Amino acid sequence: MTTIKFNNNQNEWIHLNTKEEDGIKKLYADYDIDEEIIDYTLDKNERAHLDYDKTTDTLVLIYNVPNKIKIDNHYETTPITFIIKNTTLITITKEQNQYIFFEMKNYLDKNLDSTIYEFLFNCLFIITDNYFPYIEEMNDDRKIVSNKLKEKTSKKNLLLLSDLETGIVFFMSASKQNVVLLEQIRTHAFRKKLTEFEREELELSLIHI
């Protein structure tokens with residue numbers, strides 16, 4: 001578990017990996033977070049979505065992060081969990097997307113004066129920015145295979161093209177789920193809590209996706 005204070009020690013970022021299951025359960029108990037969220041956190045197939053409990057003022061975001069390693073000739077995504085409870089941001093990554101923690105930490109190290117929502121929206125921006133190289137690579141691979149098939153049809157290349165097209169569809173679907181989530185934030189009642197600058201950061205995340 002990693003804990004970092006920021007925004008003049010007004011806020012705290014706590015990060016864990018799903019391997020630390022006992023630590024997650026204890027943390028959720030300490031912060032009085034619904035046990036159902038543990039299931040969201042541990043499920044590698046959980047779809048991107050938003051939950052907000054007005055009574056406890058708890059915001060939960062599940063957001064899709066690109067995996068760096070190809071599976072069946074294409075890239076996939078794995079969800080990350082963001083929870084804001086009072087002045088604390090909790091993030092939970094999985095082994096496949098642990099790399100994003102270091103990118104988020106690098107941002108915060110350079111922007112320790114960020115508010116909790118500024119940090120959250122910039123994390124979403126960082127994740128979104130990671131999509132483009134993988135989409136470009138899969139599209140380039142698809143063009144190469146398509147050109148090979150024009151010259152000579154082979155079972156190997158037909159299967160490879162099928163894998164690539166399937167991968168691109170699922171990858172783009174995960175990206176669209178993220179867009180829907182950001183649109184939900186834009187129209188959700190808790191948006192009233194945001195400062196003007198925090199709303200601008202949210203809009204930048206939407207424009208960039």
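What counts, and at which threshold
- Residues numbered from 1 in each chain as written.
- Predicted model: local features only at pLDDT ≥ 70, side-chain atom pairs only at ≥ 80, totals over all residues.
- Heavy atoms only, no water.
- Helix = DSSP H or I, 4+ residues; strand = E, 2+ residues; numbered from the N terminus.
- Buried < 20%, exposed > 50% of the residue type's maximum accessible area, 1.4 Å probe, protein only.
- Patch = residues over 30% accessible without salt bridge, like charges linked within 9 Å, V, L, I, M, F, W, Y side chains within 5 Å.
- Areas by Shrake-Rupley, 256 points an atom, 1.4 Å probe, with all protein chains shown as cover.
- Salt bridge = Lys/Arg side-chain N within 4 Å of Asp/Glu carboxyl O.
- Lys, Arg positive; Asp, Glu negative; His and termini not counted.
- Charge placed at Lys NZ, Arg CZ, Asp CG, Glu CD.
- Arc of directions from axis to C-beta.
- Contact = heavy atoms within 4.5 Å.
- Pairing = 2+ DSSP bridges.
- Axes fitted to C-alpha atoms, helices over the stretch in contact; angles between N-to-C directions.

Some details on the side chain of threonine 18
Line of reasoning, step 1. In this fold, threonine 18 is placed in the loop between strand E2 (11-17) and helix H1 (21-30).
Line of reasoning, step 2. A residue is classified by how much of its surface remains accessible, and threonine 18, at 17% relative accessible area, is buried.

A short note on a negative patch on the surface
Line of reasoning, step 1. A cluster of acidic residues, Asp32, Asp34, Glu35, Glu36, Asp39, Asp43 and Asp53, forms a negative patch on the protein surface.
Line of reasoning, step 2. Turning to its location among the elements, aspartate 39 is positioned in helix H2 (residues 36-42).

So, H1
Line of reasoning, step 1. Within the span of H1, buried status applies to Ile24, Leu27 and Tyr28. Projected down its long axis, H1 shows its buried positions confined to an angular sector of 95°, all on one face. Those residues of H1 that are exposed and angled more than 90 degrees off the buried face are Asp22, Lys26, Ala29 and Asp30.
Line of reasoning, step 2. The inward-facing, buried residues of H1 abut E2, H2, strand E5 (77-85) and strand E6 (88-93).

Brief notes about the sheet that holds E6
As a general point, the strands of a sheet are linked pairwise by backbone hydrogen bonds and lie either parallel or antiparallel.
Line of reasoning, step 1. What the 6 strands build is an open sheet, ordered E1-E2-E6-E5-E4-E3; its pairing is mixed. At either end of the open sheet lies a strand with only one pairing partner, and these are strand E1 (2-6) and strand E3 (49-53). Strand-to-strand twist across the sheet, computed as the mean angle between neighbouring axes with direction ignored, equals 15°.
Line of reasoning, step 2. Two strands pair when backbone bridges link them, and E3 and strand E4 (residues 58-66) are joined in this way by 5 bridges, in the antiparallel orientation. Paired with histidine 49 across the strands is isoleucine 62, a residue of E4.
Line of reasoning, step 3. Strands in contact with helix H3 (residues 99-110) are E1, E2, E4, E5 and E6; relative to E2, the strand with the most contacts, it is inclined by about 165°.
Line of reasoning, step 4. In the packing of helix H6 (residues 155-187) onto the sheet, the strands contacted are E3, E4 and E5, and the crossing angle to E4 comes to about 155°.

A closer look at the pairing of E2
Line of reasoning, step 1. Counting buried positions over the 7 residues of E2 gives 7, a clear majority of the element.
Line of reasoning, step 2. Here E2 shows a buried face lined by Asn11, Trp13, His15 and Asn17 and a second buried face lined by Glu12, Ile14 and Leu16.
Line of reasoning, step 3. Relative to E2, E1 is paired through 5 bridges, and the arrangement is antiparallel. Of the residues in E2, the one forming a bridge with phenylalanine 6 is asparagine 11.
Line of reasoning, step 4. In this structure, the hairpin formed by E1 and E2 is closed by a connection of 4 residues, where asparagine 7 is found at a positive phi of approximately 55°.

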